[in-house]
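Spelled out from the first residue to the last, the chains are:
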Amino acid sequence: MLNRTVKKVVKLNFIYVSILSASTALLLSACGSEQIATAKEVTEEKEVLPEVAVLTVHTQSLPVRTELPGRVAALRVSEVRPQVSGIIQKRLFTEGSDVKAGDLLYQINPDSYQAKAEQAEADLALEKAALVNLRVIAERYTRLLDSKTVTQQEYELSQANYQQGLARVRLKEAALKTAQIDLQRTQIRAAIAGRIGRSNVTEGALVSADQIASLARIQQLDPIHVDIVQSSQQLTQLRRRLGSGSLKPGLSAVHLVLEDGQAYSEAGTLKLTEMAVDADAGAVTLRSQFANPEKLLIPGMYVRASVAQGVESEVILVPQQAVRYDEKNQASALVVNKQQQVEVRVLELAGSQGNQWIARSGLQSGERVIVEGALKAAPGAKVRPTEWKAAAMPDPADSPARTAKE
């Protein structure tokens, strides 16, 4: 009986141990399968996540430039014209050379004007001599009036004759001065310093004081003006933004690009904005001034002017390839958030600088903008970001910013 009971207990223990071993093996098998599946999913996720190149953007203050057409104009222009009539006797300058103010340019034959000046001088001498006699008579009659030797009428007549003599002297002095001025004007001198052009007359030519055609032209080229044309609509928008405070006043710096596409080395200054709109063109002229030591800028030359008309504060530069437009022409960019997910940001652009857009709003400092691989990144999807490195990013100070309206 006892042996039978022992056998049953041993048999039950064996069955229990077998069941326990099988359960343990099943559990271990399940855990191993789960770990393998998890590792497989992680591997698959790493393989599936698309790789995108991102740029971490930051806010900054940026001068906003407007690129506008312009024409070079001389600082001062002097049309050389005769003030007296006569025959050109000499030309005393080299065409195309620099002249100084007061330099002698032409000599008109002075003979007749010299004779008139000498005649006026002689007439003045005669009147002064006659005045001496009238003065003596007037003084004598003044003394005799007290002794009743002359009448009051004779005294007053002597004083009147003396005053008339004084007036004739002043008249002759004015005539002499006029003759001397005409004589001086036979020497035609430069009114300003600058570069003189070709001569329109030669020796022996007859010129007159009232002629319309100029003898030559002098232009002051250093410094020099550049007249820039901006639409009245753009100017109104700029002033409205400056008034609201969304745009801070700029330094009024101007940079030029010449006809051959090369940048002009000297920076200019904006001098004035005309308070009148051209009715035909609907534009306003802005005048700037540039140093021109090498005479590279020539009056009449066409240029492109980049005008710093304000400073955008708290803006972000975004590579142009990172910005896309929808059917409504709304600009947007894709960013990667902290969870490595793609999000869409709608941008408000203020213009461009080089190959970058100026974003006024839509992005925050420190956000990562997708520059390359945007076609593989759908909004809401996870991506694997890597830092984007541009081959040649232009310096913002070297490339003028332009307004979005352009």
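Given the structure is predicted, the values throughout are model-derived calculations rather than measurements.

### Section: the packing of aromatic side chains
Under the criterion given, the structure shown has 3 aromatic pairs. Taking 5.4 Å as the distance between ring centres and 80° as the angle between the ring planes, the aromatic pair formed by F93 and Y106 counts as edge-to-face. Of the two residues, F93 is situated in the loop between β3 (86-91) and β4 (98-99) and Y106 in strand β5 (residues 104-108); the sequence distance between them amounts to 13 residues. Each member of the pair, F93 as well as Y106, carries the same accessibility label: buried. Between Y325 and W357 the ring centres are 6.5 Å apart and the planes differ by 80°, which places this aromatic pair in the edge-to-face class. Taken as a pair, Y325 in strand β14 (residues 324-325) and W357 in strand β18 (residues 356-361) lie far apart in primary sequence, 32 residues in all. Of the residues examined, W357 reaches a relative accessible area of 21% and is grouped as partly exposed. Geometry around F93 places R91 over its ring, the cationic atom sitting 5.3 Å from the centre.

### Some remarks on the nonpolar core
V80, L105, Y106, I196, L215 and I218 are the most contacted members of the largest nonpolar core, which totals 30 residues. Within the residue set of this core, elements represented by two or more residues are β5, α2 (111-146), α3 (152-184) and β9 (216-231). At 7 residues, the largest contribution of residues to this core is made by α2. Not counting residues within four places of it along the chain, the set of residues in contact with V80 comprises L105, Y106, I188, S214, L215, A216 and I218. One finds A74, V254, Y264 and L286 within the second-largest nonpolar core, a separate group that totals 21 residues.

### Regarding the pairing of strand β1 (residues 51-56)
Bridge count between β1 and strand β20 (residues 384-387): 4 bridges; the pairing is parallel. The residue of β20 that forms the bridge with E51 is R384. Pairing of β1 with strand β19 (residues 368-372), which is carried by 4 bridges, proceeds in the antiparallel orientation. Across the sheet, the residue bridging to A53 is E372, located in β19.

### Notes on the environment of V371
With respect to the helices and strands, the residue V371 is situated in strand β19. Given a relative accessible area of 5%, V371 falls into the buried group. Measuring from C-alpha to C-alpha, the distance between V371 and K389 comes to 9.7 Å, with 18 residues separating the pair along the chain. If sequence neighbours within four positions are ignored, V371 has contacts with A53, V54, L55, P319, Q321, A322 and W388.

### So, the packing of α2 against α3
With their axes 8 Å apart at the nearest point, α2 and α3 run at an angle of 160° to one another. With respect to each other, α2 and α3 are oriented roughly antiparallel. Between α2 and α3 lies a crossing of left-handed hand.

### What about the sheet that holds strand β6 (residues 187-189)?
If you walk across this open sheet you meet the 4 strands as β6-β5-β3-β8, and the pairing is antiparallel. The open sheet has two free edges, formed respectively by β6 and β8 (206-207), since each of these has just one partner strand. Looking at chain direction, β3 and β8 are connected through 2 bridges and run antiparallel. The residue bridging I87 from the neighbouring strand is L206, located in β8.

### Some remarks on the pattern of salt bridges
When charged atoms on two side chains of opposite charge get close, those side chains can pair. All chains considered together, the criterion is met by 11 salt bridges. The partner of R91 in a salt bridge is E95, with the nearest N and O atoms 3.8 Å apart. Here E95 falls in the partly exposed class, since its relative accessible area comes to 39%. Its salt-bridge partner being R135, residue E139 comes within 3.4 Å of it at the nearest N-O pair. You can see E139 and its partner R135 sitting in helix α2, 4 residues apart, about one turn around the helix. Among the residues examined, E139 registers a relative accessible area of 39% and is labelled partly exposed. By relative accessible area, which is 33% here, R135 ends up partly exposed.

### Quick word on α2
Taking 1.5 Å as the rise per residue, α2 with 36 residues should run 52 Å; its terminal C-alpha atoms sit 54 Å apart, in good agreement. Those residues of α2 lying buried are Y113, A117, A120, L124, E127, L131, L134, A138 and L145. For α2, the elements touching its buried residues are α3. Positive backbone phi, approximately 65°, marks K148, located one or two places after α2.

Definitions and cut-offs
Residues numbered from 1 in each chain as written. Predicted model: local features only at pLDDT ≥ 70, side-chain atom pairs only at ≥ 80, totals over all residues. Heavy atoms only, no water. Phe/Tyr/Trp six-rings, centres within 6.5 Å; stacked < 30°, edge-to-face > 60°. Helix = DSSP H or I, 4+ residues; strand = E, 2+ residues; numbered from the N terminus. Buried < 20%, exposed > 50% of the residue type's maximum accessible area, 1.4 Å probe, protein only. Lys NZ or Arg CZ within 6 Å of the ring centre and 35° of its normal. Core = buried A, V, L, I, M, F, W, Y, C linked by side-chain atoms within 4.5 Å. Contact = heavy atoms within 4.5 Å. Pairing = 2+ DSSP bridges. Axes fitted to C-alpha atoms, helices over the stretch in contact; angles between N-to-C directions. Parallel < 35°, antiparallel > 145°, perpendicular 65-115°, else oblique. Left-handed = near helix turned anticlockwise from the far one by under 90°. Salt bridge = Lys/Arg side-chain N within 4 Å of Asp/Glu carboxyl O. Expected span 1.5 Å × (residues − 1).

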